[in-house]
Amino acid sequence: MLGTRSIKTSAKNWAIDLAIRMVDLTTLEGADTPGKVRALCAKARQPDPTDPACPPVAAVCVYPSMVETAATELKGSGIHVASVATAFPSGQAPLPVKLEDTRAAVAAGADEIDMVINRGAFLSGRYLEVYDEIVAVKQVCGDAHLKVILETGELATYDNVRRASWLGMLGGGDFIKTSTGKVTPAATLPVTLIMLEAVRDFREQTGRQIGVKPAGGIRTSKDAIKYLVVVNETAGEDWLDPDWFRFGASTLLNDLLMQRKKMQTGAYSGPDYVTLD
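Predicted model, so just to flag it, every value in this text is computed and none were measured.

Caption draft 1: Representation of the overall build of the protein chain within the structure. Of regular secondary structure, the protein chain possesses 10 helices and 8 strands. Taken over C-alpha atoms, the radius of gyration comes to 18 Å for the protein chain, in line with the 19 Å a tight globule of 277 residues would show. Its C-alpha atoms give the protein chain principal-axis dimensions of roughly 55 × 45 × 30 Å. Taking all 277 residues of the protein chain together, the buried fraction comes to 52%. Long-range contacts, defined here as pairs at least 24 residues apart, represent 74% of the contacts in the protein chain between residues at least 6 apart. In the structure as shown, the protein chain presents an accessible area of about 11900 Å², 52% of it carried by carbon and sulfur atoms. Positive and negative charge centroids in the protein chain, built from 30 and 33 side chains respectively, lie 4 Å apart.

Following this line, the structure appears as structure tokens:
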């Protein structure tokens, strides 16, 4: 029902600009190079070179080995540097390795860390082990914000999604995130709804506000606006801000830019209007 809302004219313009400001522009491929990351950072700063009024994105998310390059390119821009860590995407490594992975990313300049929970431990019922690991990673993050990736596509039930969300929040996470983007299904509206209910209830009980980041599979402006409707109707207006809601995306930004231009000119741009990252 929420996904069928009709958002048009000035409200759609506002939603598209907000969605752009919420994007964590991401490249997490084995073929990543410093040149690719520098180009991504340039796009993050000025997503539409033909329109200086186009807002920048929230963050650039890369592997730890690329953090230094991203931090150098984004210095002074206000755009966050996010790094995956803790043996992303599997999470299958000893805790000391995960902690060193996190320390290295923070030392290189990351101000946001995206960690993956130990799904094997969680699905085996070893919830305290999952919680303790989140606490340990949070401690080595220092001032960097921690996003806890649940990998909801492997959690099987909505009850598990809610339980994992609470573990992430109780362990000290600043955000809870749906997915690594490497598992199908990745982000879905129902799963994101469950997570938004969890952060809403957590704030009611503790007074602490936690962010939510759906990641993977969100490719169109229409999809992004559906998520914004769910945010507004479930958690409330307080979460309609890049500090509290993000999109983990590599292709979403291009469609947002083309839809933004369509709203301005009345004509669709061709696919060559935007860069392929």
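Caption draft 2: Representation of the pattern of salt bridges. Under the defined criterion, the tally for this structure stands at 21 salt bridges. Between E112 and K147 there is a salt bridge, with the nearest N and O atoms lying 2.6 Å from each other. In this pair, E112 is assigned in strand 4 (residues 112–116) and K147 in strand 5 (residues 145–149), connecting sequence segments 35 residues apart. For the pair formed by E112 and K147, the shared burial category is buried. The shortest N-O distance in the salt bridge between D174 and K138 comes to 2.8 Å. Here the residue D174 occupies a position in the loop between helix 7 (158–170) and strand 6 (175–177), and K138 occupies one in helix 6 (residues 127–141), the gap between them amounting to 36 residues. With a relative accessible area of 23%, K138 lands in the partly exposed category. One salt-bridge network, held together by shared partners, links D24, E112, D114, K147, K177, K213 and R246.

Caption draft 3: Broad picture of helix 9 (residues 221–234). Helix length check: helix 9, at 14 residues, gives a terminal C-alpha distance of 20 Å against a target of 20 Å (1.5 Å per residue), a fit within 8%. If you check which residues of helix 9 are buried, you get S221, A224, I225, Y227, L228, V229, V230, V231 and T234. Packed against the buried residues of helix 9 are helix 1 (9–21), helix 8 (189–206), strand 8 (247–249) and helix 10 (252–265). Backbone geometry just after helix 9 places G236 at a positive phi near 115 degrees.

Caption draft 4: Local environment of the sheet that holds strand 7 (residues 211–213). Read from one edge of the open sheet, 8 strands run 7-6-5-4-3-2-1-8, paired in parallel fashion. This sheet does not close on itself; its edge strands, each paired only once, are strand 7 and strand 8. Neighbour-to-neighbour, the strand axes of the sheet open up by a mean angle of 25 degrees, direction not taken into account. Across 3 bridges, strand 1 (residues 23–26) lies against strand 8 in parallel orientation. Across the sheet, V23 pairs through a bridge with F247, a residue of strand 8. Against the sheet, helix 3 (residues 67–74) touches strand 2 (59–62) and strand 3 (80–85), its axis set at about 170 degrees to strand 3.

Caption draft 5: Seen up close, the environment of V130. In this structure, V130 sits in helix 6. For V130, the residues in contact, after removing those within four places along its chain, are I117, N118, A121, F122 and L167.

What counts as what
Residues numbered from 1 in each chain as written. Predicted model: local features only at pLDDT ≥ 70, side-chain atom pairs only at ≥ 80, totals over all residues. Heavy atoms only, no water. Helix = DSSP H or I, 4+ residues; strand = E, 2+ residues; numbered from the N terminus. Rg over C-alpha atoms; globule rule 2.2 N^0.38 Å. Buried < 20%, exposed > 50% of the residue type's maximum accessible area, 1.4 Å probe, protein only. Contact = heavy atoms within 4.5 Å. Areas by Shrake-Rupley, 256 points an atom, 1.4 Å probe, with all protein chains shown as cover. Lys, Arg positive; Asp, Glu negative; His and termini not counted. Charge placed at Lys NZ, Arg CZ, Asp CG, Glu CD. Salt bridge = Lys/Arg side-chain N within 4 Å of Asp/Glu carboxyl O. Expected span 1.5 Å × (residues − 1). Pairing = 2+ DSSP bridges. Axes fitted to C-alpha atoms, helices over the stretch in contact; angles between N-to-C directions.

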